[in-house]
Amino acid sequence: MGLLIRAFSLIAMVACLTSVVHAIEGLATFYNPPYFPSACFVTEDPGNMLIAANSGLFASAAACGTRYRVTCTSGTNEGVPQPCTGNSVVATIVDLCPGCAANEIDLSRDAFAVIANLDAGRINVEYNQI
């Protein structure tokens, strides 16, 4: 019985230490500067790798300052057929995107340019909180 308890304890510890990351799949567009002030940063400049989040993700400003790794996965067939650069960008939620659907984010122009050709305008992405 003692061995069984130890085995279950070990399994429980490993399960707690292992983080399972699920990327959110969605769409991204971009917005142009000025990026400041924003809903989250009125008096301090948050930089230029930014996200305006959909209302669910923004969560009434609870997500302010949360960082996400965003990766372009493909084009949307509305612009450039293969817009992805192969890079990811780490961006910070600084604002609400009132026109974004539940799976959409609006990246700053600078952040979008890291992961995709700006001419695409709209891309498929995956994003994970970091």
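Further up the page is the structure itself.
Residues numbered from 1 in each chain as written. Predicted model: local features only at pLDDT ≥ 70, side-chain atom pairs only at ≥ 80, totals over all residues. Heavy atoms only, no water.

Visitor: Help me out: how do you make sense of the nonpolar core in this one?
Guide: Here is a general trend for soluble globular proteins: nonpolar side chains tend to be buried in one another's company. Membership of the largest hydrophobic core comes to 31 residues, with the highest contact counts inside it found for I51, V70, I105, L107, I115 and I123. Breaking this core down by element, the ones donating at least two residues are β1 (24-31), β2 (50-53), α2 (55-58), β3 (67-75), β4 (88-96), β5 (104-108), α3 (109-115) and β6 (123-129). Not counting the four nearest positions on each side in its chain, I51 is found in contact with Y31, Y68, V70, A91, T92, I93, V94, D95, I105, D106 and L107. (Core = buried A, V, L, I, M, F, W, Y, C linked by side-chain atoms within 4.5 Å. Buried < 20%, exposed > 50% of the residue type's maximum accessible area, 1.4 Å probe, protein only. Helix = DSSP H or I, 4+ residues; strand = E, 2+ residues; numbered from the N terminus. Contact = heavy atoms within 4.5 Å.)

Visitor: Any chance you could explain the state of the cysteines here in plain terms?
Guide: In protein structure, a disulfide is the covalent linkage between the sulfur atoms of two cysteines. Across all of its chains, the model carries three disulfides by this definition. Disulfide partner of C40: C64, at an S-S distance of 2.0 Å. Around the S-S axis, the bridge from C40 to C64 shows a dihedral of about -70° and counts as left-handed. In this pair, C40 is assigned in the loop between β1 and β2 and C64 in the loop between α2 and β3, connecting sequence segments 24 residues apart. Each disulfide pairs two cysteine sulfurs, and for C97 the partner residue is C100, the sulfurs being separated by 2.1 Å. On the sign convention where negative is left-handed, the bridge of C97 and C100, at about 75° about the S-S bond, is right-handed. Taking relative accessible area as the criterion, C97 reaches 9% and is therefore assigned buried. We classify C100 as buried; its relative accessible area is 12%. Numbered by order of appearance in the sequence, the disulfide-linked cysteines of the chain pair as 1-2, 3-4, 5-6. (Disulfide = S-S within 2.5 Å.)

Visitor: How do you make sense of the sheet that holds β4 when you look at a structure like this?
Guide: Adjacent strands of a sheet pair through backbone hydrogen bonds, lying either parallel or antiparallel. Taking strand neighbours around the barrel as the criterion, the six strands line up as β1-β5-β2-β4-β3-β6 in a closed arrangement whose pairing is mixed. Strand-to-strand, the axes of this sheet are offset by a mean angle of 45°, without reference to chain direction. One ladder, built from five bridges, connects β1 with β5; its direction is parallel. Its bridge partner being in β5, L27 is matched across the sheet by E104. (Pairing = 2+ DSSP bridges. Axes fitted to C-alpha atoms, helices over the stretch in contact; angles between N-to-C directions.)

Visitor: What's the story with the side chain of T66 in this structure? I'm lost.
Guide: Structurally, T66 can be placed in the loop between α2 and β3. Not counting the four nearest positions on each side in its chain, T66 is found in contact with A91, T92, I93 and Q129.

Visitor: How should the environment of V90 be read in this particular structure?
Guide: With respect to the element layout, V90 can be found in strand β4. You can call V90 partly exposed: its relative accessible area is 27%. For the pair V90 and N128, spaced 38 residues apart in sequence, the C-alpha to C-alpha distance is 9.5 Å.

Visitor: How should I be thinking about the pattern of salt bridges in this particular structure?
Guide: When the charged atoms of two side chains with opposite charge come close together, those side chains can pair. Under the criterion given, the structure shown has one salt bridge. Between R122 and E104 there is a salt bridge whose closest N-O contact spans 2.7 Å. Pair noted here: R122 is in the loop between α3 and β6 and E104 is in strand β5, with a separation of 18 residues, a long-range link. (Salt bridge = Lys/Arg side-chain N within 4 Å of Asp/Glu carboxyl O.)

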